[in-house]
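Listed below are the residues making up each chain.
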Amino acid sequence: MDAASGVSSIEGIMEEPHVLAVDDNLIDRKLVEKLLRNSSCKVTTAENGLRALEYLGLGGGDRQSSVNDNASKVNLIITDYCMPGMTGYELLKKIKESSNMKDVPVVIVSSENVPTRINKCLEEGAQMFMLKPLKYSDVKKLRCQLMQCRG
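Every value quoted in this text rests on a predicted model; they were computed, and no experiment measured them.

Undergrad: What's the story with the UniProt feature "modified residue: 4-aspartylphosphate" (unreviewed entry) in the protein in this structure? I'm lost.
TA: UniProt annotation of "modified residue: 4-aspartylphosphate" (unreviewed entry) refers to D80 when read in the numbering used here. Tracing the chain through its elements places D80 in strand β3 (residues 76-80). Beyond its immediate chain neighbours, meaning those up to four positions away, D80 contacts V22, D23, D24, G88, V109, S110 and K132.

In structure tokens, the structure reads:
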């Protein structure tokens, strides 16, 4: 009995990874959020790239310093590729250009399997490119990778 209780207390000590999920489609956003929560992740969602940048403190303006606290708490960013205003690729570039955020893994998701797009994102520093719809097995793989990145 002691061994079993010892394992659960160790798991309790491990902090929940905080994931920022960015998608303009509400259904896709909710699906990703549910999958991540079921994988014991803390989730913040944003409906577009600009909102994500604001949350991360990269949006410019006066609120930058106060919002920057959020950035230090994000362990992973999952973003859709096709979004109005700013694509996932453009968001990725902004994140990788930031001195504070460049080391945070970014995963791009898309319903379109376009090899040139996938390669472009990976070359720009994306951790991974995944096809929609995301499945629980995809999220488990991500979480496992995330724990290796942090540990």
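Undergrad: Honestly, the side chain of H18 in this entry has me stumped. Any pointers?
TA: By secondary structure assignment, the location of H18 is in strand β1 (residues 18-22). Under the relative-accessibility criterion, H18 is labelled buried at 3%.

Undergrad: Teacher, can you tell me more about the environment of K96 here?
TA: Considering the arrangement of structural elements, one finds K96 in helix α5 (residues 88-97). Residues K96 and A126 lie 30 residues apart in sequence; the distance between their C-alpha atoms is 8.9 Å. In terms of polar contacts, K96 uses its side chain to reach the backbone carbonyl oxygen of K102, at 2.9 Å.

Undergrad: Before we go on, may I ask you to explain the pattern of salt bridges in this structure?
TA: Side chains carrying opposite charge are able to pair once their charged atoms draw close together. If you walk through the whole model with that rule in mind, you get nine salt bridges. K132 is the partner of D80 in a salt bridge, and the nearest nitrogen-oxygen pair spans 3.2 Å. Of this pair, D80 sits in strand β3 while K132 sits in the loop between β5 (128-131) and α7 (136-150), and the two are 52 residues apart along the sequence. Under the relative-accessibility criterion, D80 is labelled buried at 5%. For D138, the salt bridge goes to K135, with nearest N and O atoms at 3.6 Å. Taking the relative accessible area as the measure of exposure, D138 reaches 12% and is therefore buried. One connected set of salt bridges, linked through shared partners, spans D23, D28, D80 and K132.

Undergrad: Help me understand the environment of D24 in this model?
TA: Position of D24 among the secondary structure elements: in the loop between β1 and α2 (26-38). Overall, D24 belongs to the partly exposed group, its relative accessible area being 34%. Apart from the residues lying within four places of it in its own chain, the contact partners of D24 are R29, E47, D80, C82, M83 and P84.

Undergrad: Would you explain the packing of aromatic side chains in this entry?
TA: Each aromatic ring pair is specified by the distance between its two centres and by the angle formed by the two planes. In this structure the tally under the stated criterion is zero aromatic pairs. Directly above the aromatic system of Y89 lies the positively charged group of K120, at a separation of 4.3 Å from the ring centroid.

Quick notes on the rules
- Residues numbered from 1 in each chain as written.
- Predicted model: local features only at pLDDT ≥ 70, side-chain atom pairs only at ≥ 80, totals over all residues.
- Heavy atoms only, no water.
- UniProt positions renumbered as here; feature names shortened; annotations may be inferred.
- Helix = DSSP H or I, 4+ residues; strand = E, 2+ residues; numbered from the N terminus.
- Contact = heavy atoms within 4.5 Å.
- Buried < 20%, exposed > 50% of the residue type's maximum accessible area, 1.4 Å probe, protein only.
- Polar contact = N/O pair within 3.5 Å; in protein donor to acceptor, adjacent residues only side chain to side chain.
- Salt bridge = Lys/Arg side-chain N within 4 Å of Asp/Glu carboxyl O.
- Phe/Tyr/Trp six-rings, centres within 6.5 Å; stacked < 30°, edge-to-face > 60°.
- Lys NZ or Arg CZ within 6 Å of the ring centre and 35° of its normal.

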